[in-house]
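# Commentary on secondary and tertiary structure
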Amino acid sequence: MWRNRNVWILLLGEGIAGLGMWVGIIGNLEFLQQHVPSDFMKSLILFAGLFVGVLFGPYAGKVIDRSSKKTVMIVSSVARSMSVMFMFVAISTGQVWWMVMYMLGIGISAAFYFPALQAAIPLIAKEEELLTLNGWHMNIGTIARIVGTALGGVLIIAIPLSTVYIITLGSFLFVALTSFLLQLPNDQNRSYKQEKQESFTVLWPLIKKNRPVFTGLVLMLVPIGFIGSFNLMVLKISEMLQDPAIKGWLYTTEGVMFMLGAFMIRRVAVKLPHLSLLIGAAFFISLAQMSLYFAEYHPMAIVSFGVFGFAAGSFFPIAATLFQKSVPKDYHGRFFSFRNMMDRILFQFVLVSSGFFLDTIGFQIMVLLFGVSSFFLTCIVLGKHVKKVDKNLPQTM
């Protein structure tokens, strides 16, 4: 795998893009803190980009399946770069609506870029290499998140906010260049003889028949319940503890443990079924969220984010590999667009709900509510999984 230049190009591009993206996210949070006092209004502004991404999801899936993945990645990367221009206007004018335009542009380009990337990975790696490449891809993204959030925290103090977005712009242009250098085997344009083959509706029977894929999609609700409220929880914990530095500790701890989880899962996945590992990781994620009830204590907040990071680092590479192997490649564009849409819809719901709950019932009751819901969902999935396993076991007299 490591002799394949496409792997190095992909990982390098994603690392630089992730670095710039997370520097930009810290910039977004700083801009919101300066101009928007309400947690609920913050969540609505972040909601805008996610919502428009959902609207473009079905069209993006069809485009990816009948077009060159490489071309889609290049065009969407250029569009993502152009969207940063709105943020420069927002900073110079102090108008939040320009930031909304920026979020819309980022959301639309992401609706095309990330499903195309997921569909391109199986074209680069052999089937037995998918778990390793998915793990490294997510680890590179996590390293970029750790460095990006730390760098962003320093930069928003040391330099003007507009200069922070110049770094974001440069990183997005760099990933457009690296996408251009990719050479993807069997990345030809495709045409469909039947119109119905281009529809999203063809996916549901496929997903329904494939139990591991269906179960994996259901279990995605658990980490999204944590990730959707991640940034708002970090901000609230920082306010509760009256410690701005805790934000960096939480991001760093979660990121380091995420990498450790992604590294360890490659060894364990050889011996255990992927679906069982997903269920186990989901249990730990729900426990981590419930433990945030005690986040008013510095060590407990850090431990909770660490447990989540390790469990999520185990969950996502396994889930990505399961989907890439179980779903036929001709459907990858539509499937990963569907999954991207599903993630964004759920993310929106969690994000807006989090902002509302933080303003009403408070942080501790909110994390307990989300954590208990995730725990019971995982228990239901586990019960169905055990029943299925028992049913398939040979009956003895």
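All figures in this text were calculated on a predicted structure; none of them were measured in a lab. (Residues numbered from 1 in each chain as written. Predicted model: local features only at pLDDT ≥ 70, side-chain atom pairs only at ≥ 80, totals over all residues. Heavy atoms only, no water.)

### Considerations on the overall build of the protein chain
To keep it simple, the criterion reads: Numbering of helices and strands runs from the N terminus; a helix is a DSSP stretch of H or I covering at least four residues, while a strand is a stretch of E covering at least two. This radius of gyration counts C-alpha atoms alone. The globule rule is 2.2 Å times how many residues there are, raised to the power 0.38. A simple rule labels every residue: compare its accessible area, found with a 1.4 Å probe on the protein chains alone, to the largest value its type can have, and call it buried under 20%, exposed over 50%, or partly exposed in between. Here, residues are in contact when the closest pair of their heavy atoms is within 4.5 Å. Residue exposure ignores everything except the shown protein chains as possible cover, and the areas themselves are Shrake-Rupley values with a 1.4 Å probe. Here Asp and Glu are counted as negative and Lys and Arg as positive; His is not counted, and neither are the chain ends. To locate a charge, take atom NZ for lysine, CZ for arginine, CG for aspartate or CD for glutamate.
A count of helical and extended segments in the protein chain gives 15 helices and 0 strands. Against the globule reference of 21 Å for 397 residues, the protein chain gives a C-alpha radius of gyration of 21 Å, in line with a compact fold. Overall size of the protein chain, expressed as C-alpha extent along the three principal axes, is 65 × 50 × 40 Å. Relative to its full complement of 397 residues, the protein chain shows a buried share of 54%. The long-range fraction of contacts in the protein chain, counting pairs at least 24 apart against all pairs at least 6 apart in sequence, stands at 86%. Carbon and sulfur atoms make up 70% of the accessible area of the protein chain, which amounts to about 17,800 Å² in all. Counting 30 positive and 18 negative side-chain charges, the protein chain places the averaged centre of each group 9 Å from the other.

### Describing helix 10 (residues 230–241)
Applicable threshold: By definition here, a helix of n residues has an expected span of 1.5 Å times n minus one.
Its 12 residues place the ends of helix 10 16 Å apart at the C-alpha level, agreeing with the 16 Å of an ideal helix rising 1.5 Å per residue. The buried count for helix 10 comes to 9 of 12 residues, which makes it a mostly enclosed element. When helix 10 is considered as a whole, its buried residues turn out to be Phe-230, Leu-232, Met-233, Val-234, Leu-235, Lys-236, Ile-237, Ser-238 and Leu-241. One or two residues past the end of helix 10 sits Gln-242, with phi positive at roughly 50°.

### Brief notes about the side chain of Thr-168
For Thr-168, the location among the structural elements is in helix 6 (residues 161–181). Among all residues touching Thr-168, those that are not within four sequence positions of it are Gly-20, Val-23, Gly-24 and Val-84.

### Overview of the side chain of Ser-229
The residue Ser-229 is located in the loop between helix 9 (221–227) and helix 10 in this model. If we skip the residues at most four places from it in the chain, Ser-229 touches Gln-289, Val-350, Ser-354 and Phe-370.

### Things to note about a nonpolar patch on the surface
In plain terms, the rule: Only residues above 30% relative accessible area that lack a salt bridge enter a patch, with like-charged residues linked at up to 9 Å and the nonpolar side chains Val, Leu, Ile, Met, Phe, Trp and Tyr linked at up to 5 Å. Within this document, salt bridges are pairs made up of a side-chain nitrogen of Lys or Arg and a carboxyl oxygen of Asp or Glu, the two lying within 4 Å of each other.
Nonpolar side chains collect at one region of the surface, where Tyr-293, Phe-294, Tyr-297, Ile-361, Ile-365, Leu-368 and Leu-369 lie side by side and expose about 630 Å² of accessible area between them. With respect to the helices, strands and loops of the structure, Tyr-297 is situated in the loop between helix 12 (274–291) and helix 13 (298–326).

### Section: the environment of Met-99
With respect to the helices, strands and loops of the structure, Met-99 is situated in helix 4 (residues 96–124). A C-alpha to C-alpha distance of 21 Å links Met-99 and Val-234, two positions 135 residues apart in sequence. Excluding its chain neighbours within four sequence positions, the residues that come into contact with Met-99 are Asn-28, Phe-31, Leu-32, Ile-45, Met-87 and Ala-90.

### Quick notes on the nonpolar core
How we decide: The nonpolar core is taken to be a set of buried Ala, Val, Leu, Ile, Met, Phe, Trp, Tyr and Cys residues, with the residues joined through side-chain atoms within 4.5 Å.
Within the largest apolar cluster, 85 residues are counted, with the highest numbers of intra-cluster contacts made by Ile-237, Leu-292, Phe-315 and Phe-335. Examining the composition of this core, we find that 12 residues originate from one element, helix 13, more than from any other. Every residue in contact with Ile-237, bar those within four places of it in the chain, is listed here: Ile-246, Leu-250, Leu-292, Ala-295, Ala-301, Phe-305 and Phe-363. Among the nonpolar cores identified, the runner-up in size contains 27 residues, and Val-7, Ile-64, Val-72 and Leu-117 belong to it.

### Some points on the packing of helix 1 (residues 5–35) against helix 6
As a reminder, the rule being used: Only the stretch in contact is used when fitting a helix axis, every axis being a line fitted to C-alpha atoms; angles between N-to-C directions are given from 0 to 180 degrees. Should an angle fall under 35 degrees it is called roughly parallel, over 145 degrees roughly antiparallel, and 65 to 115 degrees roughly perpendicular, with every other angle called oblique. Whether a crossing is left-handed or right-handed is set by the direction in which the near helix is turned from the far one by less than a right angle, anticlockwise for left-handed and clockwise for right-handed. Here the nonpolar group is Ala, Val, Leu, Ile, Met, Phe, Trp, Tyr, Cys and Pro; Asp, Glu, Lys and Arg are the charged ones; every other residue, Gly included, is treated as polar.
Direction vectors running N to C along helix 1 and helix 6 enclose 160°, while the axes themselves pass 8 Å from each other. On the basis of the axis angle, helix 1 is roughly antiparallel to helix 6. Relative to helix 6, the crossing made by helix 1 is left-handed. Among the residues making up the contact of helix 1 with helix 6, the classes are represented as 15 nonpolar, 8 polar and 3 charged.

### As for helix 14 (residues 332–360)
Here helix 14 is 29 residues long and its end C-alpha atoms lie 41 Å apart, about the 42 Å a rise of 1.5 Å per residue gives. Here helix 14 lies mainly inside the structure; 21 of its 29 residues are buried. Positive phi shows up at Gly-362, right after helix 14, with a value of about 95°.

### As for the pattern of salt bridges
Under the counting rule described, the total for this entry stands at 1 salt bridge. The partner of Glu-239 in a salt bridge is Lys-236, and the shortest N-O contact between them spans 3.4 Å. Residue Glu-239 and its partner Lys-236 are located together in helix 10, separated by 3 residues, close to a single helical turn. Residue Lys-236 is classed as buried on the basis of its relative accessible area of 17%.

### Side note on the packing of aromatic side chains
For clarity, the cut-off: Stacked, tilted and edge-to-face are the three classes applied to pairs of Phe, Tyr and Trp rings, where Trp contributes its six-membered ring and a pair requires centres within 6.5 Å; stacked means planes under 30 degrees apart, edge-to-face means over 60, and tilted covers the rest. Placement of a positive charge over a ring is assigned whenever Lys NZ or Arg CZ falls within 6 Å of the ring centre and within 35 degrees of the normal to the ring plane.
If you walk through the whole model with that rule in mind, you get 15 aromatic pairs. With a centroid separation of 5.5 Å and an interplanar angle of 75°, the aromatic rings of Phe-315 and Phe-316 are classed as edge-to-face. Phe-316 carries the same exposure label as Phe-315, and that label is buried. Through a chain of ring-to-ring contacts, three or more aromatic side chains come together here, namely Phe-226, Phe-230, Phe-305 and Phe-308. The ring of Phe-180 carries Lys-70 above its face, with NZ or CZ at 5.4 Å from the centroid. Over the ring of Tyr-113 we find Arg-80; its NZ or CZ atom is 4.8 Å from the centre of that ring.

### A closer look at the environment of Val-350
With respect to the element layout, Val-350 can be found in helix 14. Take Val-350: its relative accessible area is 10%, and that puts it in the buried class. Considering only alpha carbons, one finds Val-350 and Leu-377, 27 residues apart in sequence, at a separation of 16 Å.

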